[in-house]
Amino acid sequence: MSIKENLAEIKMKLPGSVTLVAVSKTKSIEDIMEAYNAGQRVFGENKIQEMAQKWDAMPKDISWHMIGHVQRNKVKYMAGFVAMVHGVDSLKLLKEIDKQAQKHQRIIECLLQVHIAEEDTKFGLSEIELQELVGSQELLSLENIRIVGLMGMATFTEDKDQVSREFKKLKVLFETTKLALPQLTVLSMGMSGDYDIAIAEGSTMVRIGSSIFGNRN
Ligand SMILES: *Cc1c(COP(=O)(O)O)cnc(C)c1O
């Protein structure tokens, strides 16, 4: 099936309230343009330099989302255009995004990445770290970032109950975090292999790559 057909099929399954981030990492401008011409306007990349090159080459009404791990020294390369950063996992990183956004007189939307997978990965805040960050007085002075939600990745497993459990945990954290930060609206969870489960558990934003563009090398 073509990219256009894949997109149409996925869109049919998504509730209207769920935003689709088309994950275009490693894919060519030609492939991304095919999705663009089919009406897709939100794209996700996991490497800052690759995203910056694509931003440069593509129409300017695209909303670019950084979904990968962010190194602080590279924030400056995306601060002029990035719409949302999904992988924020420290106050230090938030401060850097704020500082660079300020240089461009922009506000960058940020999601706090939470570690929900039972498998061990080094990315994402623990529950305690999330609470600490959300409660930090220093957040109040950051005027060029806006924390709009949470992001998480489930364990890569065939065990649907486990995936469901992990997404449920993130949804609960989302609701409790909202008590401190009522402005939260985005719950970014779900990829090609598990977005149906994520939606059932309350996702408002799915990040889908291979089901749209085909497998990556
Ligand atoms: C690559 C990636 C995706 C998309 O993965 P697919 O399985 O191709 O849909 C989603 N989220 C993050 C953080 C990724 O790095």
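Our structure's up above, just so we're on the same page.
Parameters and conventions
Residues numbered from 1 in each chain as written. Predicted model: local features only at pLDDT ≥ 70, side-chain atom pairs only at ≥ 80, totals over all residues. Heavy atoms only, no water. Helix = DSSP H or I, 4+ residues; strand = E, 2+ residues; numbered from the N terminus. Expected span 1.5 Å × (residues − 1). Buried < 20%, exposed > 50% of the residue type's maximum accessible area, 1.4 Å probe, protein only. Contact = heavy atoms within 4.5 Å. Phe/Tyr/Trp six-rings, centres within 6.5 Å; stacked < 30°, edge-to-face > 60°. 1 Å grid on protein atoms, 1.4 Å probe; cavity = no way out; pocket = protein on both sides within 12 Å on 5 of 7 lines; lining within 4 Å. Points joined across faces, edges and corners; volume = space filled by probe spheres on them. Nonpolar A, V, L, I, M, F, W, Y, C, P; charged D, E, K, R; others polar. Near = heavy atom within 4 Å. Polar contact = N/O pair within 3.5 Å; in protein donor to acceptor, adjacent residues only side chain to side chain. Areas by Shrake-Rupley, 256 points an atom, 1.4 Å probe, with all protein chains shown as cover. Sits in = over half its atoms within 2 Å of the grid points. Salt bridge = Lys/Arg side-chain N within 4 Å of Asp/Glu carboxyl O. Axes fitted to C-alpha atoms, helices over the stretch in contact; angles between N-to-C directions. Parallel < 35°, antiparallel > 145°, perpendicular 65-115°, else oblique. Left-handed = near helix turned anticlockwise from the far one by under 90°.

> Outline helix α4 (residues 91–103), listing residues and values.
Its 13 residues give α4 an end-to-end C-alpha distance of 19 Å, which sits within 8% of 18 Å, the value for a rise of 1.5 Å per residue. Within the span of α4, buried status applies to L91, L93, L94, E96, I97, D98, Q100 and A101. Residues of α4 that are buried sit in contact with β4 (84–88), β5 (108–114), α5 (127–135) and β6 (145–152). Positive phi appears at Q105, one or two residues downstream of α4, with a value of about 50 degrees.

> Quick one: what's the story with the packing of aromatic side chains, residue by residue and with numbers?
Summed over all chains, the structure comprises two aromatic pairs. Here the aromatic rings of F43 and W64 are separated by 5.9 Å at their centres, their planes lie at 40 degrees, and the arrangement is tilted. One end of the pair, F43, is in strand β2 (residues 42–45); the other, W64, is in strand β3 (residues 63–66), with 21 residues separating them in the sequence. Given the relative accessible area of 0%, W64 is considered buried. Measuring from centroid to centroid gives 4.6 Å for W55 and F81, while their planes differ by 10 degrees, and the two rings are stacked. With a gap of 26 residues between them, W55 in helix α3 (residues 48–57) and F81 in the loop between β3 and β4 connect regions that are remote in the sequence.

> Which residues make up the layout of surface pockets, and what values do they have?
In this model, the largest pocket occupies a volume close to 850 Å³. Lining the largest pocket we find 36 residues, and of these M153, A154, F156, M191 and R207 sit closest to its centre. Secondary structure elements with two or more residues in the lining of the largest pocket: β5, β6 and α6 (160–180). For the lining of the largest pocket, the leading source of residues is α6, giving three residues. Residue composition of the lining of the largest pocket, grouped by class: 14 nonpolar, 14 polar and eight charged.

> An account of the site of the ligand is needed here, citing residue identities and associated values.
The environment of the ligand is made up of V23, K25, I67, M151, M153, M191, S192, R207, I208, G209, S210 and R216. Measuring from an oxygen atom of the ligand, one finds a backbone N or O atom of S210 at 2.8 Å. Its free accessible area being 390 Å², the ligand has 90% of it covered by the protein chains. Counting atoms within 2 Å of the grid points, the majority share of the ligand lands in the largest pocket.

> Tell me about α6, residues and numbers included.
Here α6 contains 21 residues, and its C-alpha end-to-end distance of 31 Å stays within 8% of the 30 Å for a straight helix at 1.5 Å per residue. Where α6 is buried, its residues meet β5, α5, β6, β7 (186–188) and α7 (195–200). Residue D159 occupies the N-cap position of α6, its side-chain oxygen lying 3.1 Å from the main-chain nitrogen of D161.

> Can you break down the pattern of salt bridges residue by residue, with the values?
Counting across every chain of the model gives eight salt bridges. Measuring nitrogen to oxygen at the nearest pair gives 3.3 Å for the salt bridge that ties E118 to R165. Taken together, the residues E118 in the loop between β5 and α5 and R165 in helix α6 connect sequence positions 47 residues apart. E175 is paired through a salt bridge with K171; the nearest N and O atoms lie 2.8 Å apart. With E175 and K171 both in helix α6 and four residues apart, the pair spans about one turn of that helix.

> Lay out the packing of helix α1 (residues 3–13) against helix α2 (residues 29–37) with the relevant residues and their values.
Where α1 meets α2, the closest approach of the two axes is 9 Å, and the angle between their N-to-C directions is 45 degrees. As summarised for this structure, α1 and α2 are arranged oblique, according to the angle between their axes. As α1 packs across α2, the resulting crossing turns out to be right-handed. Mapping the contact onto sequence places I3, K4 and L7 in α1 and D31, E34 and A35 in α2. Classifying every residue of the contact of α1 with α2 by side-chain character gives three nonpolar, no polar and three charged.

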